[in-house]
Structures are given as C-alpha cells and as structure tokens.
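Here is what each chain is made of, one letter per residue.
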Amino acid sequence: MNMDYDIAVIGGDGTGPEVVREAVKVLKVAESKFNFQLNYHNYDFGGARYLKTGETLPDSAIEDLRQHDAIFLGAIGHPDVKPGVLEVGILLKARFALDQYINLRPVKLYRAEDCPLKDKEPKDVDFVVVRENTGGIYTGVGGAVQKGTPMEIATQVMIYGRPVVDRCLRFAYEYTRRRNKKKMLTLVHKCNVLTHAGDLWVRAHKEMGDRDFPDIKQDYNHVDACTMWFVKQPEWYDVIVTENLFGDIITDLAAIIQGGLGIAAGGNINPEGVSMFEPMGGSAPKYTGQNVINPLAAISAGAMMLDTLGEHKAAQAIDQAVTKALNSGKLKSLAAGRMGMGTTEVGDLVAGMV
Ligand code: IPM
Ligand code: MN
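Just so we're clear, the structure is a prediction, and the values are computed from it rather than from any experiment.

Caption draft 1: Region of the structure containing the overall build of the protein chain. On a plain count of helices and strands, the protein chain comes out with eleven helices and twelve strands. Taken over C-alpha atoms, the radius of gyration comes to 20 Å for the protein chain, in line with the 20 Å a tight globule of 354 residues would show. By its C-alpha atoms, the protein chain is 55 × 50 × 45 Å across when sized along the principal axes. A burial count over the protein chain gives 51% of its 354 residues as buried. Taken as a whole, the protein chain presents about 15600 Å² of accessible surface, with 54% of it coming from carbon and sulfur. Placing the 39 positive and 44 negative side-chain charges of the protein chain at their respective mean positions leaves the two points 4 Å apart.

Below you can see the structure in the form of structure tokens.
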C-alpha cells in the first residue's frame, strides 16, 4: 500500500527555512525509493509574523496542526523579539497543547574528529535521552510576591504527578527494549536533595521496572554526576530518562559530544497523537541566508519523523546516508561556516546517498 502523510511545516525564523528545505530534499528521495508520500502544508509562525501581527501560535492553529500526521519545525527565535515570547508562545505552546510529553534526543557521534572529548570514537558516544517534555518547572506553576521590593519572593515549582512520571517511564522502558542494545535505563535526577520530586521518580522507575520490564537493567545517576560521566565515560549509557529541566540541560552537553548543534536532532513525541520534529539548534540569525548552516540535524530530524510515522526502512536509509556522507570526508566540520561546503551542497550529498 502506498502511504500518504500530511506534514505541517513551520520553517520559522533565521536559518530554519534553509535547513528545512534540505531535509525536504532528502525526504523526497526517500519517498520515491520507499513508496510513500509526504504532503506538506506550510505555516508561517515565527518572529516575522509575530512582529507583523502580534500573534505567536493562535488556538485555531493548534486545532489545525492536530489534523496532521506530524509537524516539522525549523527554528524559532528572532533578534527583534524579546527572549521568551516565541519560545513560550510557539514551541512550548505546541508541546503542551498537543501533549507531546516525550522529548526524544538521540546522541550519536558519527566521526571521532567531531567529538571534543579525548580518545572517544563513534562506538563510545551512542545513547538516547528521553526527556519528560510537559511537566516539572516548565508548567510555570509558581509566582512572585512583593515584586520589586527588597523582600521579593519568587517560586517556580517542579511539579510532577504520578501519571505524568509513569507515562514517561513507560515510553522510556519500551524504547530501551526496542533499541535492544545494552538494555539499560538510567534514571537521572537529584534525589539526594529533591527528596520529594526525586523520590517519586526513583520509586516509579523501580516499581515499573521490577513489575513490567525485568529484562531491562535499572540504573541511576544524580544529574550533576551525569554531566561528569558524559565527558569521562559516555560509553556507559544506553537510554537515559529524566525530568524536563534536567533533560534540557544535559541534552545540550550531550549535543556537543556528538559534534554540536549542527547534528543534534530531537522529536517532541505524543505517542498517541501528533509529534513535532526539529533540529536542536536555534535560528542562528548571524548565519541566515548565507548557505553556511549545517542541515544535518534537520535531515536527521526528518529521519526521526519517518521512524515515528512507521516508515522505519526509509528512516534507516536516511540515517545511513548521513553516515556515508560524513564518512566521505567531504565535510570538513559540522560547524556553521566551517563545513567546507554550503548548506545546499550538504543536502545534495546526503540526498545522493539515500
Ligand atoms: C530546547 C530549548 C527549549 C527548551 C527552549 C527554546 C524553550 O532549549 O528545546 O531544549 O527549554 O525546552
Ligand atoms: Mn534546550
């Protein structure tokens, strides 16, 4: 059967549209090779639209996005818009409204030369972070009193309910089983200090593991120690599961050990609904329109999208094409402006290898 998918595309700001274009180019090859079709619907949400209309992501757009099989996002962030407006108004709004409760971030080093760590090779940096994506401090629970006075108090609460913890853990355990490598799920938290919220995660992780996943090894790191192990011994990890803010922080560190934001892709996943895929890098205003940004993260995000849609072979083919393209030695670096090739040429190179 020839499958058809409706994809909402938000190119967004800065270099977002440029990298999306290259991902679409690569996806096109996969479509014809593996007999499926992606029907794209473009949306202009982002800084430019906000500056013109004052609108970030209206409620009507959420209903529209919900009708698609997946969402593909370039980048959000505009130099003329105050930090927070677009992040909260577009990215976080979509994550929450569409209940994309998992942020899936594979951490894979393709070439030793792209790793800033001494003596680490591709086999050493190959793990996945499952970040809880709609709870914790990101819910915005909290407030400020006596604002502007010397006695001002502000709180931002790391709030977690058992169902939100459990559904994230279940996804992570099942993912670890499917991945079928070391079959080890490391919980990252800070239960030595966060004796309420951390304890909830620790008990839930153990109870679910003991009951439903006896084949998966249980492992635990405090978040501070985890950052140290990322640098010293990344080969320890298989799958990591963690709460929202810790996940945000450790995945930036994880991105740099896999070669940087030019290669780091992520998926905001609602396993029962519409998911949104994005390169982890921002809108990179200073590189906009110069054909120097690295499209590989967007291309990998495209592969993740196909995997989630069920087009596993096509997803694998794109991942292999990225590997081949990198091993061809043509790309000098993964960093914007230092690739030794243009954005469109990198897209062509990968497209030619699918
Ligand atoms: C990320 C980003 C976002 C986050 C920002 C832009 C709101 O840093 O996707 O990691 O904190 O989740
Ligand atoms: Mn982040």
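Caption draft 2: Highlighting the site of ligand 1. Near ligand 1 the following residues occur: Glu87, Leu91, Arg95, Arg105, Arg131, Tyr138 and Asp248. Note that an oxygen atom of ligand 1 is positioned 2.7 Å from one of the side-chain N or O atoms of Arg95. In the model, an oxygen atom of ligand 1 is placed 2.9 Å from a nitrogen or oxygen of the Asp248 side chain. The fraction of the free accessible surface of ligand 1 (320 Å²) that becomes covered by protein chains is 73%. A total of three residues in the shell around ligand 1 trace back to one element, the largest contributor, which is helix H4 (residues 85-97). Class assignment of the residues belonging to the shell around ligand 1 gives a composition of two nonpolar, no polar and five charged.

The rules behind these values
Residues numbered from 1 in each chain as written. Chains lettered and ligands numbered in written order. Predicted model: local features only at pLDDT ≥ 70, side-chain atom pairs only at ≥ 80, totals over all residues. Heavy atoms only, no water. Helix = DSSP H or I, 4+ residues; strand = E, 2+ residues; numbered from the N terminus. Rg over C-alpha atoms; globule rule 2.2 N^0.38 Å. Buried < 20%, exposed > 50% of the residue type's maximum accessible area, 1.4 Å probe, protein only. Areas by Shrake-Rupley, 256 points an atom, 1.4 Å probe, with all protein chains shown as cover. Lys, Arg positive; Asp, Glu negative; His and termini not counted. Charge placed at Lys NZ, Arg CZ, Asp CG, Glu CD. Near = heavy atom within 4 Å. Polar contact = N/O pair within 3.5 Å; in protein donor to acceptor, adjacent residues only side chain to side chain. Nonpolar A, V, L, I, M, F, W, Y, C, P; charged D, E, K, R; others polar.

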